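Chain by chain, the residues run as shown.
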Amino acid sequence: MPPSPLTASSPYRLLAEQALSRAAGAPLLGGNAVELLIDAEANYTAWLQAIKQARHSVLLENYIIRDDDVGRRFRDALVDRARDGVLVAVICDWMGCLGQSRAAFWKPLRDAGGEVRVFNPPQLGQSFGWISRDHRKTLVVDGQHGFLSGVCISAQWLGDADRGVPPWRDTGVALQGPAVGELAAAFADSWRQVGPPLPELAQEQSVPAIAGDIALRVIATHPSTAGMYRLDQLIAAMARRTLWLTDAYFVGMAPYVQALVSAARDGVDVRLLVPGSSDIPAVGSLSRSGYRPLLKAGIRVFEWNGSMLHAKTAVADGQWARVGSSNLNIASWLGNREIDVAVEDAGFASQLATQYERDLENATEIVLAPRRRRRGEKVQSSEARPPHPRKGGGSSGRTAAGALRIANTVGAALSDHRVLGDTATGPLLGGAALLLVLAIVAILWPAVIAWPLGLLAAWFALNLGIRLWRQHRRNRRRHVGEAD
């Protein structure tokens, strides 16, 4: 087999590096040290140790920071540093922390001189502003030590030994070297989105020293970019031997699913490891609704048997690896602020591949099996699944999955943009029946349709009017300034 473009020397290596840099919107940085951190306990221990040793600055950005034993341990460590004059800046997401922590939780830190900002709370004038979330999980200490992962700050990640709930499976990394400067810059960008910029840090912190020999990219995305989506697509196209994926909330977009299918049909060993029991049942059902085309193409799909698989990783050809906060779905690729590290190093990729094989020992493979009384095949587990804790809500998840399948299939049929497969009959029938019911309701009881549409139009009109007023005020201030 010819060498992978990810490992070959020029011209393939130079071409691959250029393509990866352009797709990710992030340069390849050498001189780094990377440590793999498996599960929340390892991440929390490393994070807290770094915070307690901070002398100049602590920059913490996390989607969920919960008011529980773990959250209070972190808050108290931050309070201690702030009281000693260390710059402590925290960003948490409004939706992620909704019902998890409130202003009273952060009052001790603010009283100690630390600053906490909440990303993107609901605002009038932004009809869809709430959709974009800050889903990053990073920590930068003194500009020299950086951490990046899928782990939120919550006791939920540690499981519950008293109830027999094992810890969540998650992955993070500890970084030293030039990459830490990229993490700090990404935090500073998020900080500017919700208020005045950070004060200038000490000059010696601005350029982290060379710490190792690992080359990597720090990919910090936000809604106006799609760097991680482009990179995931490119890696699926470039992989020659293996592409092993772990994802917490896989809802494959058609172009990415097609990229995986093409790789598998070209002989690449493509594997997907996803939760067997999700903390968001609807997403788990949406994920399962897309198994069939993957399995038919030869992609191996596994479901984790533990309490929750929350890791977001990829390893390709034993040379390239990704760890971070981005899930393989449209929210992460196109809607949220995310941050991942893509490592081009055989040693680190080997560690992640070994961990992947270890994870598969606690997973059940999903296969296609013939139906007994109907033509075609059904998706099922390859063996009896061991019992594991589950949460309620499965019926709503199945409803959401069915709705998505109907929408995708009906859209494909109406636009004629793709050939419908042998599993499309059911969704087409469901879509036709649903549209017929809506037509009957609209004809016989038009108010049932008109009232929701009228309220929706009023909501958009209100928000657009507020945006117009704000823009008018900005324009007036600019004209007054120019006249002066």
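The preceding data block contains the structure.
All values derive from a computational prediction rather than experimental measurement.

**Here we look at the overall build of the protein chain**
Next up, step 1: Looking only at helices and strands, the protein chain has 15 helices and 16 strands in total.
Next up, step 2: The buried share of the protein chain, reckoned over its 484 residues, is 47%.
Next up, step 3: Contacts in the protein chain between residues at least 24 apart in sequence constitute 79% of all its contacts with a sequence separation of at least 6.
Next up, step 4: Accessible area of the protein chain: about 23,500 Å², with a carbon and sulfur share of 57%.

**Looking at a nonpolar patch on the surface**
Next up, step 1: On the surface, a nonpolar cluster with roughly 660 Å² of combined accessible area is contributed by L436, I440, I443, L444, W445 and V448.
Next up, step 2: Element by element, the count of residues in the nonpolar patch is highest for helix α14 (residues 425-444), at four residues.
Next up, step 3: Position of V448 among the secondary structure elements: in helix α15 (residues 446-483).

**Structural notes on the pairing of strand β10 (residues 269-275)**
Next up, step 1: Counting buried positions along β10 gives six out of seven residues, so the element sits mostly inside the fold.
Next up, step 2: Alignment of strand β9 (residues 242-246) against β10, held across five bridges, turns out to be parallel. Counterpart to L245 in the pairing with β10 is L272.
Next up, step 3: Since β9 and β10 lie parallel, the crossover through helix α8 (residues 254-265) that links them has a hand, and here it is right-handed.

**A word on the pairing of strand β2 (residues 57-62)**
Next up, step 1: Where burial is concerned, most of β2 is hidden: six out of the six residues are buried.
Next up, step 2: Alternating residues of β2 divide into S57, L59 and E61 and V58, L60 and N62, and every residue in both groups is buried.
Next up, step 3: As paired strands, β2 and strand β3 (residues 87-93) are joined by six bridges and run parallel to one another. Each bridged residue has a counterpart across the sheet, and for S57 the counterpart in β3 is L87.
Next up, step 4: A crossover links β2 with its parallel partner β3, the connecting element being helix α3 (residues 69-83), and its sense is right-handed.
Next up, step 5: Sheet topology note: the β2/strand β5 (residues 137-141) ladder contains five bridges and is antiparallel. Bridged to N62 within β5 is K137.

Reading the values: the criteria
- The written sequence of each chain sets the order in which its residues are numbered from 1.
- Local features in this predicted model are restricted to residues whose pLDDT is 70 or higher, and side-chain atom pairs enter the listing and the counts only when it is 80 or higher, whereas totals over whole chains, interfaces and linings include all residues.
- Only hydrogens and water are set aside; all other atoms, that is, all heavy atoms of the structure, feed into the side-chain values.
- A run of H or I in DSSP counts as a helix once it spans at least four residues, and a run of E counts as a strand once it spans at least two, with each numbered from the N terminus.
- Note on exposure labels: buried denotes an accessible area under 20% of the residue type's maximum, exposed denotes more than 50%, and partly exposed covers the range between, all computed with a 1.4 Å probe on protein chains only.
- In this analysis, two residues are considered to be in contact whenever any of their non-hydrogen atoms come within 4.5 Å of each other.
- Exposure was quantified through the Shrake-Rupley algorithm and a 1.4 Å probe, taking into account, for residues, occlusion by the shown protein chains and nothing else.
- Each patch is built from residues that are more than 30% exposed by relative accessible area and take part in no salt bridge. Like charges join if they lie within 9 Å; nonpolar side chains (Val, Leu, Ile, Met, Phe, Trp, Tyr) join within 5 Å.
- Salt bridges are identified by distance alone: a Lys or Arg side-chain nitrogen within 4 Å of an Asp or Glu carboxyl oxygen.
- At least two bridges found by DSSP between two strands are what make those strands a pair.
- For a crossover, the right-handed case is the one in which the path from the first strand over the helix to the second runs clockwise, viewed with the strands pointing away from the viewer.

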